[in-house]
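# Understanding the architecture of this molecule
Residue strings, one per chain:
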Amino acid sequence: MRIRKGLSNLTNLQTLNTIEAQDDSIKELGELRQLRSLRICNMKETHCEQFCSSLLEMQLLNQLHISMSDEDEVLKLNKLKTLHSLQKLILRGRLAEGTLKSPLFQEGGQKLHGLYLVWSCLREDPLPYISRLSNLTEMHLTSAYNGGKLVFSKEWFSKLKSLALRDLPHLNELVIEEGALASIHIFQLVNLRKLTVVPPGLEFLASLQRLSFLQITEEFHVLLNECSRIQHIRWQYSTQD
């Protein structure tokens, strides 16, 4: 949906889904102080500064979904301070360096229950920063990290129930320390082509109800069948085409 003029007149609006980012509409969004849910698409890097200013007026916002115009556009949220009511955050776009250290993800993210990062292309391991979001119950990382190793350290993500790691092209080592992911129910690993070892620590996930390995190679399937550590876990798989 495109709204060229008059958006600022909808002052009692609580849900806006979906609006296409344009210079005028980005400015007028700041007048919608009653918004609880906002989904905006086709964002460009040039919109980010004004968009952050408008978001700061929405202190009742609990769901936010931002989609950049393509995966090369940089999403800059570093100047965004706190959104104290935010519970669900979906970011689809390359994140500017330092975003996970910003107030949005630190003191401003303590009510977050759901976090979905797509196309983020982070070079630094995001887990030490995201782990501070102590109330997360669902997290999806899709094309979000370009590094080779992820470690879920002891006591991290104690309330997380659903986790998906998808399309991480360079990930070749995944470690789960005992005491991490204590409440996990659903764990999906999708299209992790560089992963050649069954992740150590899966055997510690006592609350796990569904473990999925999707788009794996036949070689990795053989490893799964031969791995005695996970034979007590109910797991499913699908191979790559």
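Everything below is about the structure shown above.
To start, this report covers the structure provided alongside it. (Residues numbered from 1 in each chain as written. Predicted model: local features only at pLDDT ≥ 70, side-chain atom pairs only at ≥ 80, totals over all residues. Heavy atoms only, no water.)

### Quick word on the sheet that holds strand E1 (residues 15-20)
Strand pairing in a sheet relies on backbone hydrogen bonds. The paired strands run either parallel or antiparallel. The criterion, for reference: The pairing criterion for strands is at least two bridges between them, as found by DSSP. Where helices and strands are cited, they refer to DSSP runs of H or I of at least four residues and of E of at least two residues respectively, numbered from the N terminus. Convention adopted: a line fitted to C-alpha atoms gives each axis, helices being fitted over their contacting stretch, and angles between N-to-C directions are expressed from 0 to 180 degrees. By definition, residues are in contact when any of their heavy atoms lie within 4.5 Å.
Read across the open sheet, the 10 strands follow the order E1-E2-E3-E5-E7-E8-E10-E12-E13-E14; overall the sheet is parallel. The open sheet terminates on both sides in strands that have one partner only, identified here as E1 and strand E14 (235-239). Going from strand to strand, the sheet's axes swing by 5° on average, the running direction of each strand aside. In the sheet, strand E10 (residues 162-166) pairs with strand E12 (residues 186-190) via five bridges, with the strands oriented parallel. Paired with arginine 166 across the two strands is valine 190, which belongs to E12. Sheet strands touched by helix H2 (residues 48-55): strand E2 (37-43) and strand E3 (63-68). Its angle to E2, the strand with the most contacts, is close to 175°.

### Section: the pattern of salt bridges
The condition that has to hold: The working definition used for a salt bridge is a side-chain nitrogen of Lys or Arg within 4 Å of a carboxyl oxygen of Asp or Glu. The buried label applies to any residue whose accessible area, calculated with a 1.4 Å probe on protein chains only, is under 20% of its type's maximum; exposed applies above 50%, and partly exposed to all values in between.
The final tally for this structure, using the stated rule, is eight salt bridges. As a salt-bridge pair, lysine 76 and glutamate 45 come within 2.9 Å of each other at their nearest N and O atoms. A residue pair is termed long-range when its members are at least 10 positions apart, and lysine 76 in the loop between strand E4 (74-75) and strand E5 (88-92) and glutamate 45 in the loop between E2 and H2 qualify at 31 residues. The exposure class assigned to lysine 76 is partly exposed, which follows from its relative accessible area of 39%. The partly exposed category is assigned to glutamate 45, whose relative accessible area is 31%.

### Points about the nonpolar core
Counted only if it meets this: Remark: nonpolar core denotes a set of buried residues (Ala, Val, Leu, Ile, Met, Phe, Trp, Tyr, Cys) joined through side-chain atoms within 4.5 Å.
Counting 75 residues, the largest nonpolar core has Leu38, Phe152 and Phe187 as the members making the most contacts within it. The element contributing the most residues to this core is H2, with four residues. Setting aside chain neighbours within four positions, we find leucine 38 in contact with Leu16, Ile19, Leu29, Phe51, Leu55, Met58, Leu61, Gln63, Leu64 and His65.

### Remarks on unusual backbone geometry
The omega angle of the peptide bond from asparagine 17 to threonine 18 is 5°, so this bond is cis rather than trans. Residue placement: threonine 18 occurs in strand E1. Positioned with a positive phi, cysteine 121 is a non-glycine residue whose angle comes to about 55°. In this structure, cysteine 121 sits in the loop between strand E7 (114-118) and helix H3 (127-130).

### Digging into the pairing of E5
Looking down a regular strand, the side chains alternate between one sheet face and the other. With five bridges joining them, E3 and E5 adopt parallel strand pairing. Among the inter-strand pairings, histidine 65 is bridged to a residue of E5, identified as isoleucine 90. The pairing of E5 with E7 spans five bridges and is classified as parallel. Opposite isoleucine 90, over in E7, you have tyrosine 116 as the bridge partner.

### Re the pairing of E10
The element E10 is extensively covered by neighbouring structure, given that four of its five residues are classed as buried. Of the strand pairs in this sheet, strand E8 (residues 138-142) and E10 are connected by five bridges, and their pairing is parallel. Paired with histidine 140 across the strands is alanine 164, a residue of E10.

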